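A structural walkthrough
Listed below, chain by chain, are the residues.
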Amino acid sequence: MATTSGNVTPLAQPAQDIAAAPIIRTIGLSDLHEALRLGWEDFKAVPSHAIILCIIYPVLGLVLARTALGYSVLPLLFPLAAGFALLGPFAALGLYELSRRRERGEEASAWDAVEVLRSPSFGAMLGLGVLLLALFVTWVATAQAIYVAAFGYEAAAGIPDFARRVLTTSQGWWLIVIGCGVGFLFAVVALCISVVSFPLMLDRQAGAGEAMVTSIRAVAQNPVAMAAWGLIVAVLLVLGSLPFFLGLAIVIPLLGHATWHLYRKVIAPDPNPRPIPPRPARERRPAADFPAALFPWRRKDGA
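A short tour of the structure in this document, coming up.

1. Considerations on the packing of helix 8 (residues 159-168) against helix 9 (residues 170-194)
It is at 5 Å that the axes of helix 8 and helix 9 come closest, and there the two elements cross at 80°. With respect to each other, helix 8 and helix 9 are oriented roughly perpendicular. Residues R165, V166, L167 and T168 of helix 8 form the contact with helix 9, whose participating residues are S170, G172, W173, L175 and I176.

Pasting the structure below:
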């Protein structure tokens with residue numbers, strides 16, 4: 001009798017763990033369209049965050065291209081634009097928070113995007129973000145090595161010379177084929193480990209490991225839909241990058257919001273959600289307090 005009671009306990013715990021694992025749904029192309037539509041609705045409802053969260057990309061890109069590296073940065077413009085697909089899931093953390101608030105019928109403004117910093121799982125998000133950053137740096141270094149292998153270290157004389165090299169020479173076509181192939185592998189890795197990871201960590205306070213495993217499971221169960229999603233992301237990022245990266249100010253928030261809704265379609269609702277402790281009320285401070293408002297832990301007396 002003691003043996004029977006002893007056998008029940010160790011078997012019950014794995015069953016609970018299995019039940020607690022996120023349930024993956026099978027989605028279709030129509031779900032991707034719906035996620036994009038809902039993402040666009042979120043973007044129209046809270047458009048001001050585009051300046052705060054996304055305008056840094058075109059500004060930084062133009063400044064670096066013109067003042068720091070000059071025309072030598074031309075070979076890296078496309079890899080940098082493509083690399084946004086690697087960093088995008090982490091860069092869009094604030095957008096997930098805004099979409100979640102709108103989903104719950106709560107007030108959502110640009111300022112509310114920073115609430116993600118107080119999430120219990122922000123440390124896990126930061127860890128996965130560092131992993132994506134390492135992937136991004138590796139991709140840019142690899143792209144630079146491929147360009148050097150094709151054309152050597154001599155910099156292009158300008159944009160026309162660079163375009164002639166890439167589009168009218170055999171080395172240029174080799175560069176395009178090999179570069180796109182290698183970039184595709186980086187994109188697949190990033191998609192597999194992050195397509196629903198950050199929304200899952202924000203929504204359920206999951207750890208980075210659990211989130212990555214769930215993301216891989218989601219891709220494995222929906223290979224066609226996820227491949228289509230990756231293609232949509234790539235096409236939109238290319239289109240957003242064409243006018244000197246300025247289009248990314250719209251594309252990145254659109255994809256960020258849409259990713260939240262894609263997560264909702266792929267991952268079934270948690271039947272036993274964890275209780276979330278109430279957050280302390282955040283004092284609304286005027287814009288004149290910037291940048292002091294970024295440090296709410298400082299006492300008003302300045303001590």
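2. Considering helix 11 (residues 208-221)
Spanning 14 residues, helix 11 covers 20 Å between terminal C-alpha atoms, matching the ideal 20 Å at 1.5 Å per step. Regarding helix 11, the residues found buried are A211, T214, S215, A218 and V219. Buried residues along helix 11 cover an arc of 140° about the axis, so they all sit on one side. Of the surrounding elements, those touching the buried residues of helix 11 are helix 9, helix 10 (197-204), helix 12 (223-241) and helix 13 (248-266).

3. Comments concerning the nonpolar core
M125, F198, W229, L262 and V266 are the most contacted members of the largest nonpolar core, which totals 53 residues. Once residues lying within four places of it in the same chain are set aside, the contact partners of F198 are P89, F90, L93, Y96, M125, L128, G129 and L132. Grouped together as the second largest cluster of nonpolar side chains are 8 residues, I146, Y147, A150 and A156 included.

4. Observations regarding the pattern of salt bridges
Applying the stated rule across the entire model yields 9 salt bridges. A salt bridge links K44 to E41; the nearest nitrogen and oxygen atoms lie 3.5 Å apart. Residue K44 and its partner E41 are both found in helix 2 (residues 29-45); the two are separated by 3 residues, about one turn of the helix. Residue E41 is classed as partly exposed on the basis of its relative accessible area, which comes to 32%. The salt bridge partner of D203 is R264, with a shortest N-O separation of 3.0 Å. In this pair, D203 sits in helix 10 while R264 sits in helix 13, placing the two residues 61 residues apart along the sequence. Connected through salt bridges with shared partners, the residues E97, R100, R101 and E106 form a single ionic network.

5. A closer look at the side chain of D203
Note on D203: relative accessible area 15%, which makes it buried. A distance of 2.7 Å separates a polar atom in the side chain of D203 from a polar atom in the side chain of Y263. Here D203 is in contact with R100, W260, Y263 and R264, once residues within four sequence places are set aside.

6. Observations concerning the environment of A190
Tracing the sequence through the fold places A190 in helix 9. With relative accessibility at 2%, the residue A190 sits in the buried group. In sequence terms A190 and G230 are 40 residues apart; their C-alpha atoms lie 9.9 Å from each other. Residues within four places of A190 in sequence aside, it is in contact with L86, L135 and V195.

7. A look at helix 7 (residues 122-151)
Taking 1.5 Å of rise per residue, the 30 residues of helix 7 would be expected to cover 44 Å, and the 43 Å separating its terminal C-alpha atoms lies within 8% of that figure. Once helix 7 ends, the next one or two residues include G152, with phi positive near 80°.

8. Some remarks on the layout of surface pockets
In this structure, the second largest pocket encloses a volume near 850 Å³. Around the second largest pocket, the lining comprises 39 residues; the ones closest to its centre are A85, A187, G230, V233 and A234. Within the residue set of the lining of the second largest pocket, elements represented by two or more residues are helix 5 (74-91), helix 9, helix 12 and helix 13. At 11 residues, helix 9 tops the list of elements feeding residues into the lining of the second largest pocket. Partitioning the lining of the second largest pocket into residue classes produces 31 nonpolar, 8 polar and no charged.

9. Comments concerning the environment of E210
Among the secondary structure elements, E210 is positioned in helix 11. In this view, E210 contacts P22 and L200; residues no more than four positions away in its chain are not counted.

10. Thoughts on the packing of helix 12 against helix 13
Contact geometry for helix 12 and helix 13: axes closest at 9 Å, N-to-C directions at 165°. Of the possible angle classes, the one that applies to helix 12 and helix 13 is roughly antiparallel. The handedness of the crossing between helix 12 and helix 13 comes out as right-handed. Touching M226, W229, V233, L236, L237, G240 and S241 of helix 12 are L248, V251, L254, L255, A258, T259, L262 and V266, all from helix 13. A breakdown of the residues in the contact of helix 12 with helix 13 according to their chemical character gives 12 nonpolar, 3 polar and no charged.

Basis of the calculations
- Residues numbered from 1 in each chain as written.
- Predicted model: local features only at pLDDT ≥ 70, side-chain atom pairs only at ≥ 80, totals over all residues.
- Heavy atoms only, no water.
- Axes fitted to C-alpha atoms, helices over the stretch in contact; angles between N-to-C directions.
- Helix = DSSP H or I, 4+ residues; strand = E, 2+ residues; numbered from the N terminus.
- Parallel < 35°, antiparallel > 145°, perpendicular 65-115°, else oblique.
- Contact = heavy atoms within 4.5 Å.
- Expected span 1.5 Å × (residues − 1).
- Buried < 20%, exposed > 50% of the residue type's maximum accessible area, 1.4 Å probe, protein only.
- Arc of directions from axis to C-beta.
- Core = buried A, V, L, I, M, F, W, Y, C linked by side-chain atoms within 4.5 Å.
- Salt bridge = Lys/Arg side-chain N within 4 Å of Asp/Glu carboxyl O.
- Polar contact = N/O pair within 3.5 Å; in protein donor to acceptor, adjacent residues only side chain to side chain.
- 1 Å grid on protein atoms, 1.4 Å probe; cavity = no way out; pocket = protein on both sides within 12 Å on 5 of 7 lines; lining within 4 Å.
- Points joined across faces, edges and corners; volume = space filled by probe spheres on them.
- Nonpolar A, V, L, I, M, F, W, Y, C, P; charged D, E, K, R; others polar.
- Left-handed = near helix turned anticlockwise from the far one by under 90°.

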